[in-house]
Amino acid sequence: MDESRTILEESANKLFAGFAEPALLRRVEAGEAAPEVWAAIEAMGFELIFSGASDDPWRDAAVILKACGRHVLPAPLPETLMTAALMQCAGLELEGVPKPVTLGAPAHTELALAEGGSVTGRTSHLAWGHVCTHAALPMLGQLVLAPLDGRSQGDRSIGREPRDSHVFVSVTPVASGPLNEQLFTAAGALMRAAQMAGAIEAVLEMTVQYARERHQFGKPIGSFQAIQHQLAILAGHSAAATRAADAAFERIAQSGGDADVMLFEAAVAKIRCGEAATAAASIAHQTFGAIGFTDEHKLHYFTRRLWSWRSEFGSAGWWSQKLGRSVAAAGNDAFWPMVTAAG
Amino acid sequence: MGAFRFEPAQLPPEAEKLRAEVRAFLAETMPGIPAHIRAGTWSRSDEDFSRRLAAKGWVGMAWSKTYGGHERSFLERYVVLEELLAAGAPVGAHWIADRQSAPLILKFGTEAQKQAIVPKIAKGELFFCIGMSEPDSGSDLAATRAKAERHGEGWRLNGTKLWTSGAHRAHYMIGLFRTSTESKHGGLTQFLIDMKTPGITVRPIADLTGHKHFNEVSFVDVELPADAVIGGEGQGWAQVTAELAYERSGPERFLSSLRLVHELIGRVGTNPGAREAAALGRLTAHLVTLRRMSLSVAGMLARGEDPALEASLVKDVGAVFEQEIPGIVQELIDVEPTLDRADDFARVLAELTMITPSFSLRGGTREVLRGIIARGLGLR
């Protein structure tokens, strides 16, 4: 990894680690605002990666998104970054729009064109909607950036992150441009995949540490082969998830944001990271035992998010069907060339 | 931050050019080979096929021209290997010599050994086998009991090696023998053994498919010259450990069931049902990711780094993947596996169903690999 990206990774991890405290996470999960988190992000300029602050925004975004997952950052930085990425794909700029912003999923959005170019309709499952100024939403082959007026209705995911509903009545978008609506799902899937990869790395580290410290039968539980082999399996999933997420962003960067590449990479990353998330949460909880199942312990801040993120913007099963259909349609002679062309 | 890291590896443009050449060669040579033989790929030997590959310059690709090599990059070699495996080429005859025996000799051997042996491997004239496992020493390799004693100027070998793939065809073995009982790991030495030496008996062992590719090799008062030692006396364990990084991370560690994925795509057709599509998509995501992990390790090897932990992770995750494929396919497609009908799908399913147990045994068992990974995590 090049040096500037290593520095970016270190500074993001350092900043986000300070917010990964159960006391703060509990407050935000209960619905309290934590403006200091967003202020600290803006002070570093992390939200501007797709707005001119980086000359390699996709690869830098991967680093930031994994760090967000690794520290279960309680703020919509991933959503802001991927909204900016989608805006770029639609030939639009996010400059001048106050942040944070978020993006909606086509499966949960129904918008129609109303009088004078305004839009009417609704969206739900909108991540962090009530703390965001605008949402990028799909409408008739367009990306529309619609202002949110703060009256979002709050649901929460099992990660206890806000997933809001919002009704639009003759709202004038601040920007719009042509964009394949499947790319909303792809961008969301890429975002959640990278967050999962980061969170799984954190889960691996905390579980290994616990296995070395916790004594039963007179020795550390990590000295038992039964535990060692479970953690080896977890390490394999973590390695695969991280490579899948990193490679997705690398290849999108190489392709200059090509739509077909984004769809393929989103599928591979969401499928692989989703499966890894399931295994990681299961092995971590089994290793931690009862203490890891308590509200007091920090493990659940990671595992509840893994369970939530693996379902959002298309589950592994949803993406598997989509990818499988395209593989089958191309036929068996095209299969291996497709695998090698993916790099 | 973590105990392991998989950096991206980009294949150079010349590697992609080479890929086209290999595909053209395979398009010519593969159609005559039956589907269930293709399913076996690197566990199937065809000496003539190996010599044709050598004539193309695809054996000994990364070695120095001084020793008959072709001085291509490690990543170019990777591309040739994965294309051969993906096509199901019967590359077993030269596979071991190319993958680890010659690299071992080049790294630890004497100048005379390098000159005498390596150019002939590159020509596809010499094939090798590996004498590691024994009847009482499988995963516990350091428990090796077959012994080599000094005898006159040279050595005298006694003992038994087991599960020795290709010993019946190999011209040479690189065998691990005990030269001292004072230290478990420090008393082992590797020998270059001409398989025609008197006192060596090779007894084939049929595997559960009936196919005979591995053997029991017994040594009774086998006399070797002094210069048969490879590397240092007592250095066998360290040399074997280095050898295994090459053995564990290659594309053969996750492509073993690829023929069956091809057959599955053919069988489900261009408009599959939901279950079939989901299974296919999942396998694709796993395969693409494993290949990227394996390429990353190849890049580390090319840079001279030591990816022992990463290699073990690729082999462990790869074996789980290639091993689960026959079961997944069998649940999706209602066809009985058999080798006795001229139905490629049924034959490939039959062959792979039966050989999958070996995927997590050969080259280090799953349990040994997970032990290595646990050590890398700091648990041992």
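Residues numbered from 1 in each chain as written. Chains lettered and ligands numbered in written order. Predicted model: local features only at pLDDT ≥ 70, side-chain atom pairs only at ≥ 80, totals over all residues. Heavy atoms only, no water.

### Side note on the interface of chain B and chain A
Residue-level contacts link 51 residues of chain B with 51 residues of chain A. Contact between chain B and chain A buries roughly 4,300 Å² in total, counting both sides, with carbon and sulfur atoms accounting for 66%. Counting across the interface, chain B meets chain A through three salt bridges. A salt bridge links B:Arg282 to A:Glu275, with the nearest nitrogen and oxygen atoms 2.8 Å apart. The interface formed by chain B and chain A holds 12 residue pairs in polar contact (both at pLDDT 80 or more) in total. Listed by contribution, the elements that provide at least two residues to the side of chain B that touches chain A are α1 (13-29), α4 (74-87), α8 (258-268), α9 (274-302), α10 (308-332) and α12 (366-376) of chain B. Broken down by element, the side of chain B that touches chain A gets its largest block of residues, 16 residues, from α9(B). Of the residues assigned to the side of chain B that touches chain A, the class counts are 26 nonpolar, 13 polar and 12 charged. (Contact = heavy atoms within 4.5 Å. Buried area = accessible area lost by both parts, 1.4 Å probe. Salt bridge = Lys/Arg side-chain N within 4 Å of Asp/Glu carboxyl O. Polar contact = N/O pair within 3.5 Å; in protein donor to acceptor, adjacent residues only side chain to side chain. Helix = DSSP H or I, 4+ residues; strand = E, 2+ residues; numbered from the N terminus. Nonpolar A, V, L, I, M, F, W, Y, C, P; charged D, E, K, R; others polar.)

### Structural notes on the packing of aromatic side chains
For the structure on display, the rule yields 15 aromatic pairs over all chains. Here the aromatic cluster, defined as three or more aromatic residues joined through ring pairs, consists of B:Trp155, B:Phe177, B:Phe191 and B:Phe219. Between A:Lys219 and the ring centre of A:Phe224, over which it is positioned, the NZ or CZ distance is 4.8 Å. Between B:Lys161 and the ring centre of B:Phe177, over which it is positioned, the NZ or CZ distance is 5.3 Å. (Phe/Tyr/Trp six-rings, centres within 6.5 Å; stacked < 30°, edge-to-face > 60°. Lys NZ or Arg CZ within 6 Å of the ring centre and 35° of its normal.)

### Details of the domain arrangement of chain A
Residue and element names in this part refer to chain A. Domain annotation for chain A reports domain 1 (3-178) and domain 2 (182-341). With centres defined by C-alpha atoms, the gap from domain 1 to domain 2 works out at 22 Å. The partner domain 2 presents 38 residues to the 34 residues of domain 1 that form the contact. Between domain 1 and domain 2 the total buried area reaches about 3,100 Å² when both faces are included, carbon and sulfur atoms providing 65% of it. The largest share of the area that domain 1 buries against domain 2 comes from Trp58, Lys66 and Arg70, three residues that together contribute 22% of it. Viewed at the interface, domain 2 and domain 1 are joined by nine salt bridges. A salt bridge links Arg304 to Glu29; its shortest N-O distance comes to 3.0 Å. (Domains from an automatic or database assignment.)

### Quick look at the pattern of salt bridges
Oppositely charged side chains may form a pair once their charged atoms are brought near each other. Going through the model one piece at a time under the given rule, you end up with 47 salt bridges over all chains. A salt bridge links B:Glu252 to B:Arg99, with the shortest nitrogen-to-oxygen separation between them at 2.6 Å. Taken together, the residues B:Glu252 in the loop between α7 (236-248) and α8 and B:Arg99 in helix α5 (residues 92-108) connect sequence positions 153 residues apart. For B:Glu252, a relative accessible area of 2% puts it in the buried group. Here B:Arg99 falls in the buried class, since its relative accessible area comes to 6%. Each of A:Glu29, A:Glu79, A:Arg160, A:Glu161, A:Arg163, A:Arg192, A:Arg304, A:Arg305 and A:Glu312 takes part in salt bridges that share partners, so that together they form one network. (Buried < 20%, exposed > 50% of the residue type's maximum accessible area, 1.4 Å probe, protein only.)

### A closer look at the layout of surface pockets
By volume, the second largest pocket is sized at about 680 Å³. Lining the second largest pocket are 32 residues, and of these A:Lys66, A:Glu201, A:Thr242, B:Phe4 and B:Arg5 lie nearest its centre. Mapped by element, the contributors of at least two residues to the lining of the second largest pocket are α1 (3-17), α5 (57-70), α7 (182-213) and α8 (225-255) of chain A. Take the lining of the second largest pocket: its biggest share by element is seven residues, from α8(A). Mapped onto the domain boundaries, the lining of the second largest pocket takes at least three residues apiece from domain 1 (3-178) and domain 2 (182-341) of chain A. (1 Å grid on protein atoms, 1.4 Å probe; cavity = no way out; pocket = protein on both sides within 12 Å on 5 of 7 lines; lining within 4 Å. Points joined across faces, edges and corners; volume = space filled by probe spheres on them.)

### A short note on the sheet that holds strand β4 (residues 134-139) of chain A
All names here are of chain A. One open sheet holds the four strands; their spatial order is β1-β4-β5-β8, and the pairing between them is mixed. Each edge of the open sheet carries a strand with a single partner, namely β1 (101-103) and β8 (175-178). Sheet twist, expressed as the mean angle between neighbouring strand axes with direction ignored, is 25 degrees. Taken together, the six bridges between β4 and strand β5 (residues 142-147) define a ladder with antiparallel strand orientation. For Met139, the partnering residue across the bridge sits in β5 and is Gln142. With respect to the sheet, helix α6 (residues 77-89) is in contact with β1, β4, β5 and β8, its orientation differing from that of β1 by roughly 70 degrees. Packed onto the sheet, α7 meets β1, β4 and β5 and runs at close to 115 degrees relative to β1. (Pairing = 2+ DSSP bridges. Axes fitted to C-alpha atoms, helices over the stretch in contact; angles between N-to-C directions.)

### Considerations on the sheet that holds strand β7 (residues 162-171) of chain A
Residue and element names in this part refer to chain A. With antiparallel pairing, four strands are arranged side by side in an open sheet as β2-β3-β7-β6. If you trace the sheet from one side to the other, it starts and ends with β2 (109-113) and β6 (153-156), each paired once. Within this sheet the neighbouring strands show an average axis-to-axis angle of 20 degrees, counted without direction. In this sheet, strand β3 (residues 119-127) lies alongside β2 in antiparallel orientation, the contact comprising five bridges. Residue Ala112 lies in a different strand from β3, and its bridge partner there is Thr120.

### With respect to the packing of α9(B) against α10(B)
Residues and elements named next belong to chain B. As a packed pair, α9 and α10 sit with axes 10 Å apart at the nearest point and diverge in direction by 160 degrees. With respect to each other, α9 and α10 are oriented roughly antiparallel. In this structure, the crossing between α9 and α10 has a hand that is left-handed. Across the interface between the two elements, Arg275, Glu276, Ala279, Arg282, Leu283, His286, Leu287, Leu290, Met293, Ser294, Val297 and Met300 from α9 touch Glu310, Ala311, Val314, Val317, Gly318, Phe321, Glu324, Ile325, Ile328, Glu331 and Leu332 from α10. When its residues are assigned to classes, the contact of α9 with α10 shows 14 nonpolar, three polar and six charged. (Parallel < 35°, antiparallel > 145°, perpendicular 65-115°, else oblique. Left-handed = near helix turned anticlockwise from the far one by under 90°.)

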